[in-house]
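Topology and contacts: notes
Chain residues, written in single-letter form:
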Amino acid sequence: MKRIHIIACLLCMIILGMSCKKVLELNPRETPSSGVYWQNENDALAGLLGGYSLLRDALTDQNRYYVYGDAPCNTFLITYGSDYDIHQLRDGSFDGVYYGGLDNLQDWTPFYKAIAQANLLIKKIPAIPATAFKVQERKNYFLGEAYYLRAFNYFFISKVWGDVPLVTDAVEDVSEARNYGREAQQKVLEQAIADLEQAKKLLPVTTENTGDRGIRASLATALALEAHIYAWMGNYAKCEENTREIVNNPGKFNLTFITDSAEYVKMTIGHSTESIFEININYNQNEGSKKGIAERTLYDPFLATRKPVNTDDVPWLVNMETIGKIYDRFSSDTTDLRFKVWYYALDSRWPMLRKYTSVIYKDGDIKRDPWYSNNILISRLSDIILLRAEALFKLGDEAGARTLTDKIRQRAGVAPTNPALSGDDLFTFIVHERVRELYAEGQTYWDLCRTKKLGDFNDKFSGAFTQGNANYGRTYWPINRNIFKDNPLMKQTSYWNGRL
């Protein structure tokens, strides 16, 4: 997947921004069905890599992956002076009314560009003759990836905005584009499940090339995503079903539960043997970034270009209140591998997350031109192990849930779960274990929403899951005012209706 932006752009297969004739910006600037494209494997591959590239663009734009998945649940202490617009998210102010600057984050257009590309792939790949592929199985492989990408995008935006427009038709000409209203989240998620059922029939058990581990979809990738969707829907029986084989037989999917601490620390660089799906940001593959979570969280000695003097010098500090909720940092938890390796200077003015410290200086020893080379970890084996623990608990198997939770704790070098814990106390402990294991991996906000524990970490959202409460529905984002332009079918997110 090297240089996927360049490849895809050269072959004109990425659906880029268009004029705002239709609200979702579904139509491509050029039409790949003109007889020039969609003829062979190379065309299909270019379009597919364009789909991955568009997903990367959407998730990295203004650090959306972490802004949506971590900022509102107090993973970080967002400093006012360094990042004043993101700072307000900790107050549940997704509208940006206090400081502004959130308009772009309220706009789902980048994801609909990725969805439009997936729709085009799903339409065009079946029409390419199998004989036009060097290896005929790749036709199914690529089509399975397209279904996966569409499902991923729809699940992600459903978590952010709730009800969203559901578009499954490929738009190849501006005259075909039309307005869409918002579809019920349940229906959108059902479509994502249907796509993943198709993907599971088409995707290989493991990626064809080991270098594509985690950064291109495989059967495990589809199973993991489907498990998360079912958990979000509250269908833990289907969540258990989709996690079963990954957890019980990881070797089948070329996955390994990492027990070596040195290898565990390297996991955030990417391509680890625990990786199920991640977004490639690899400097050595020309995919490094000048921005990202590392730029927001690091300072010297891990980032030579930032030497803090004032409180606001580091945009995203570790939130010590949250650390205090998940660790006993003055007693037993000091032996926790995660506590020891992911944090720095917790007692200073600048408690730092050092999870993403793969920094490469393009100018060598001068160290004035840093580039960041940590992949965005979407899903890894320990995530699915703990998701299965959650499912087992919900299905009444507390012993099974405890065993899986203790597997994660044993690796971290800490005591097993207190055997006296049961019921909601045990469930809370499992949720907290997910926070410890996946801290600052863009998952915690969604985990706390799914398990309705968000108010424990950010009281601004207390009552957000209780119908009739003034905060009900506050966890979903408003949509940008521009999305209403020329679209009478569009409605504002319920909580934010009348507040914008």
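Residues numbered from 1 in each chain as written. Predicted model: local features only at pLDDT ≥ 70, side-chain atom pairs only at ≥ 80, totals over all residues. Heavy atoms only, no water.

Turning our attention to the overall build of the protein. A count of helices and strands for the protein gives 18 helices and 8 strands. Dimensions along the principal axes, computed over C-alpha positions, put the protein at roughly 65 × 55 × 50 Å. Residues counted as buried form 60% of the 500 residues belonging to the protein. Counted over contacts in the protein with a minimum sequence separation of 6, partners at least 24 positions apart contribute 68%. Carbon and sulfur atoms form 47% of the exposed surface of the protein, whose accessible area is close to 19500 Å². For the protein, the distance from the average position of its 60 positive side-chain charges to the average position of its 61 negative side-chain charges is 1 Å. (Helix = DSSP H or I, 4+ residues; strand = E, 2+ residues; numbered from the N terminus. Buried < 20%, exposed > 50% of the residue type's maximum accessible area, 1.4 Å probe, protein only. Contact = heavy atoms within 4.5 Å. Areas by Shrake-Rupley, 256 points an atom, 1.4 Å probe, with all protein chains shown as cover. Lys, Arg positive; Asp, Glu negative; His and termini not counted. Charge placed at Lys NZ, Arg CZ, Asp CG, Glu CD.)

Another point: the side chain of Asp-336. Along the chain, Asp-336 turns up in the loop between helix H12 (320–326) and helix H13 (337–342). A distance of 2.9 Å separates a polar atom in the side chain of Asp-336 from the backbone nitrogen of Arg-338. If we skip the residues at most four places from it in the chain, Asp-336 touches Tyr-327, Ala-412, Val-414 and Arg-436. (Polar contact = N/O pair within 3.5 Å; in protein donor to acceptor, adjacent residues only side chain to side chain.)

Take the nonpolar core next. Counting 148 residues, the largest nonpolar core has Trp-161, Ile-246 and Tyr-343 as the members making the most contacts within it. For this core, the element with the highest residue contribution is helix H6 (residues 137–161), accounting for 15 residues. The contact partners of Tyr-343, leaving out residues within four places of it in the chain, are Val-318, Ile-323, Tyr-327, Arg-338, Met-352, Leu-353, Arg-354 and Tyr-439. (Core = buried A, V, L, I, M, F, W, Y, C linked by side-chain atoms within 4.5 Å.)

Turning our attention to the side chain of Lys-159. Within the secondary structure layout, Lys-159 lies in helix H6. Here Lys-159 is buried and forms no salt bridge, its nearest opposite-charge partner Asp-447 lying at an N-O distance of 7.4 Å. If near-sequence neighbours (up to four positions away) are discounted, Lys-159 is found in contact with Gln-185, Trp-232, Trp-446 and Tyr-476. (Salt bridge = Lys/Arg side-chain N within 4 Å of Asp/Glu carboxyl O.)

Put simply, the protein has an average pLDDT of 91, and 92% of its residues get 70 or more. The low-confidence segment residues 1–23, where pLDDT is below 50, has 69 contacts with residues more than four positions distant or belonging to other chains. Low confidence marks residues 26–34, where pLDDT is under 50. Its contacts with residues over four positions away, or in another chain, come to 31 contacts. (pLDDT = per-residue confidence, 0-100.)

Next up on the list: the packing of aromatic side chains. Scanning the entire structure with this criterion turns up 36 aromatic pairs. Relative to Trp-161, the ring of Tyr-68 has its centre 5.9 Å away and its plane inclined at 70 degrees; by these criteria the two rings are edge-to-face. In this pair, Tyr-68 sits in helix H3 (residues 64–69) while Trp-161 sits in helix H6, placing the two residues 93 residues apart along the sequence. By the burial criterion, Tyr-68 is buried, and Trp-161 matches it. Judged by centre distance (6.0 Å) and plane angle (45 degrees), the ring pair of Tyr-141 and Phe-142 falls under tilted. Note on accessibility: Tyr-141 and Phe-142 belong to one class, buried. Over the face of the ring belonging to Tyr-495 we find Arg-499, whose NZ or CZ atom lies 3.9 Å from the ring centre. (Phe/Tyr/Trp six-rings, centres within 6.5 Å; stacked < 30°, edge-to-face > 60°. Lys NZ or Arg CZ within 6 Å of the ring centre and 35° of its normal.)

The next subject is helix H15 (residues 398–412). Taking 1.5 Å of rise per residue, 15 residues should cover 21 Å, and H15 covers 21 Å from first to last C-alpha, within 8% of that figure. Buried within H15 we find Gly-400, Ala-401, Arg-402, Leu-404, Thr-405, Asp-406, Ile-408, Arg-409, Arg-411 and Ala-412. Contacts made by the buried residues of H15 are with helix H9 (236–248), helix H10 (261–265), H13, strand E8 (376–380), helix H14 (381–394) and helix H16 (423–437). Just downstream of H15, Gly-413 is the residue with a positive phi angle, here 80 degrees. (Expected span 1.5 Å × (residues − 1).)

Our focus in this paragraph is the environment of Pro-250. Its place among the elements puts Pro-250 in the loop between H9 and H10. Between the alpha carbons of Pro-250 and Leu-381 there is a distance of 8.2 Å; along the sequence they are 131 residues apart. Leaving out residues up to four positions away in the same chain, Pro-250 has contacts with Glu-245, Leu-255 and Leu-381.

Once that is clear, we can look at the pairing of strand E2 (residues 275–279). Judged by how many residues are buried, E2 sits mostly within the fold: 5 of 5 residues are covered. In terms of strand pairing, E2 meets E8 through 4 bridges, oriented antiparallel. Bridge assignment links Ser-275 to a residue of E8, and that residue is Arg-380. (Pairing = 2+ DSSP bridges.)

Here we come to the packing of H14 against H16. Where H14 meets H16, the axes come as close as 10 Å, and the angle between the chain directions of the two elements is 170 degrees. Taken together, H14 and H16 sit at an angle that is classed as roughly antiparallel. Where H14 approaches H16, its residues Ser-382, Asp-383, Leu-386, Leu-387, Ala-389, Glu-390, Phe-393 and Lys-394 are matched on the opposing element by Gly-423, Asp-424, Leu-426, Phe-427, Ile-430, Glu-433, Arg-434 and Glu-437. For the contact of H14 with H16, the per-class residue count stands at 7 nonpolar, 2 polar and 7 charged. (Axes fitted to C-alpha atoms, helices over the stretch in contact; angles between N-to-C directions. Parallel < 35°, antiparallel > 145°, perpendicular 65-115°, else oblique. Nonpolar A, V, L, I, M, F, W, Y, C, P; charged D, E, K, R; others polar.)

Counted under the stated rule, the structure contains 37 salt bridges. Across the salt bridge formed by Arg-388 and Glu-240, the nearest N and O atoms sit 3.0 Å from each other. Placement of Arg-388 in helix H14 and of Glu-240 in helix H9 is noted, with a sequence separation of 148 residues between them. Judged by relative accessible area, Glu-240 falls into the buried class, the value being 12%. Each of Glu-274, Asp-336, Arg-338, Lys-355, Arg-380, Arg-409, Arg-411, Glu-433, Arg-436, Glu-437 and Glu-441 takes part in one network of salt bridges that share partners.

Turning our attention to helix H8 (residues 219–233). The terminal C-alpha atoms of H8 lie 21 Å apart, and with 15 residues this matches the ideal 21 Å at 1.5 Å per residue to within 8%. Judged by how many residues are buried, H8 sits mostly within the fold: 14 of 15 residues are covered. One or two residues past the end of H8 sits Gly-234, with phi positive at roughly 85 degrees.

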